[in-house]
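Take a look at the letters that make up each chain.
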Amino acid sequence: MAQKLIMDRKFKIKDFYNYYINSLNKSLNEVDLSKLNKIVDILVRQIQSKKKIFVCGNGGSAAIAKHYICDYLKLLRFNTNLKPKIISLVDNIETITAISNDIDYSEIFKYQAESLCEKGDIIIIISSSGNSKNVVKLSKWARSKKIKTISFTGFNGGLVRKLSSINININEKNYGRIEDSHHIIMHIMMHIMSKKFKKKQVLRL
């Protein structure tokens, strides 16, 4: 449908814009809100218990993982008394390239997790396909160590969906809209926590 709209000689950006937004809206309307609420509760308990949260992903999903750090470490803390210990496994390019070059690219997340993750920590995995070797290896390792994983996937969810402790899958076949949905969900969860734990305003006379 999208390709047909673009190839049409009478193509109008408004038509494609409406198609894209409507498709995105459809995908988001299908999100299981009970699961989303459960994930928020899990993350809040994790933060309150002072346990670590790790995030990772490839490509556009890596950008979303890094945005978690920005919004949860800074904005959530600024608006609430919550102090998240949230760490991105995609931040250290020196470590990632060393692991990739000397061992294998499929090891870049698992290898870090083996040193950094402890019992009671949580890993958030963002993956459109759910089948990238590095996130699958991480998921299998986490499962073997009884470390809880929260995943956000697309398409049919791939292996990561099956290996995760809890998963939200975006029923889409377009990488852009899957990533958009994952990004929006990240913001929604952060805003829910911000409103729920908003700092009380001090009345100044």
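About the thresholds
Residues numbered from 1 in each chain as written. Predicted model: local features only at pLDDT ≥ 70, side-chain atom pairs only at ≥ 80, totals over all residues. Heavy atoms only, no water. Patch = residues over 30% accessible without salt bridge, like charges linked within 9 Å, V, L, I, M, F, W, Y side chains within 5 Å. Areas by Shrake-Rupley, 256 points an atom, 1.4 Å probe, with all protein chains shown as cover. Salt bridge = Lys/Arg side-chain N within 4 Å of Asp/Glu carboxyl O. Lys, Arg positive; Asp, Glu negative; His and termini not counted. Charge placed at Lys NZ, Arg CZ, Asp CG, Glu CD. Helix = DSSP H or I, 4+ residues; strand = E, 2+ residues; numbered from the N terminus. Phe/Tyr/Trp six-rings, centres within 6.5 Å; stacked < 30°, edge-to-face > 60°. Buried < 20%, exposed > 50% of the residue type's maximum accessible area, 1.4 Å probe, protein only. Polar contact = N/O pair within 3.5 Å; in protein donor to acceptor, adjacent residues only side chain to side chain. Contact = heavy atoms within 4.5 Å. Core = buried A, V, L, I, M, F, W, Y, C linked by side-chain atoms within 4.5 Å. Pairing = 2+ DSSP bridges. Axes fitted to C-alpha atoms, helices over the stretch in contact; angles between N-to-C directions.

**Concerning a positive patch on the surface**
Residues Lys-50, Lys-51, Arg-77, Lys-83, Lys-85, Lys-119 and Lys-199 make up a contiguous surface patch of positive charge. With respect to the helices and strands, the residue Lys-83 is situated in the loop between α4 (60-79) and β2 (85-88).

**Re the packing of aromatic side chains**
Scanning the entire structure with this criterion turns up 4 aromatic pairs. Aromatic side chains Phe-16 and Tyr-20 sit 6.1 Å apart centroid to centroid with 50° between the ring planes, which places their arrangement in the tilted category. Within this pair, Phe-16 and its partner Tyr-20 are both found in helix α2 (residues 13-29), separated by 4 residues, close to a single helical turn. Tyr-20 sits in the partly exposed class, given a relative accessible area of 21%. Grouped by ring-pair contacts, the aromatic residues Phe-16, Tyr-19 and Tyr-20 constitute a single cluster.

**Some thoughts on the side chain of Asn-134**
Checked against the element boundaries, Asn-134 lands in helix α7 (residues 133-144). A relative accessible area of 2% means that Asn-134 is categorised as buried. Side chain to side chain, Asn-134 and Asn-58 meet in a polar contact 2.9 Å long. Those residues in contact with Asn-134 that lie beyond four places of it in its chain are Asn-58, Tyr-105, Ser-106, Ile-108 and Phe-109.

**A short note on the environment of Leu-73**
Summarising the element assignment, Leu-73 is placed in helix α4. Given a relative accessible area of 39%, Leu-73 falls into the partly exposed group. The spacing of Leu-73 and Ser-127 is 54 residues in sequence and 22 Å in space, taken between C-alpha atoms. Setting aside residues up to four positions removed in sequence, Leu-73 forms contacts with Tyr-68, Pro-84 and Ile-86.

**A few points about the nonpolar core**
In terms of nonpolar packing, the biggest core is built from 53 residues, with Tyr-68 and Met-189 touching the most fellow members. Other than its neighbours up to four places away in sequence, Tyr-68 contacts Val-55, Leu-73, Ile-86, Ile-124, Ile-126, Phe-152, Met-186 and Met-189.

**Regarding the sheet that holds strand β5 (residues 166-170)**
Taken in spatial order, the 5 strands of this open sheet run β2-β1-β3-β4-β5, and their pairing is parallel. With one partner strand each, in any of the chains shown, β2 and β5 form the two edges of the open sheet. With direction set aside, neighbouring strand axes in the sheet form an average angle of 15°. Bridge count for strand β1 (residues 52-57) against β2 is 4 bridges, and the pairing is parallel. Paired with Phe-54 across the bridge in β2 is Ile-87. Against the sheet, helix α3 (residues 33-48) engages β1, β3 (122-127), β4 (148-154) and β5, with an angle of about 135° to β5.

**Some remarks on unusual backbone geometry**
Despite not being glycine, Lys-146 has its phi angle at roughly 60°, a positive value. Structurally, Lys-146 is set in the loop between α7 and β4. Overall, the relative accessible area of 76% leaves Lys-146 in the exposed class. One non-glycine residue, Phe-155, adopts positive backbone phi at about 50°. Examined against the element boundaries, Phe-155 turns out to sit in the loop between β4 and α8 (158-163).

**Remarks on a nonpolar patch on the surface**
Together, Ile-184, Ile-188 and Ile-192 make up an exposed nonpolar region whose accessible area comes to about 200 Å². Checked against the element boundaries, Ile-188 lands in helix α9 (residues 175-196). Exposure remark for Ile-188: the relative accessible area of 35% places this residue in the partly exposed category.

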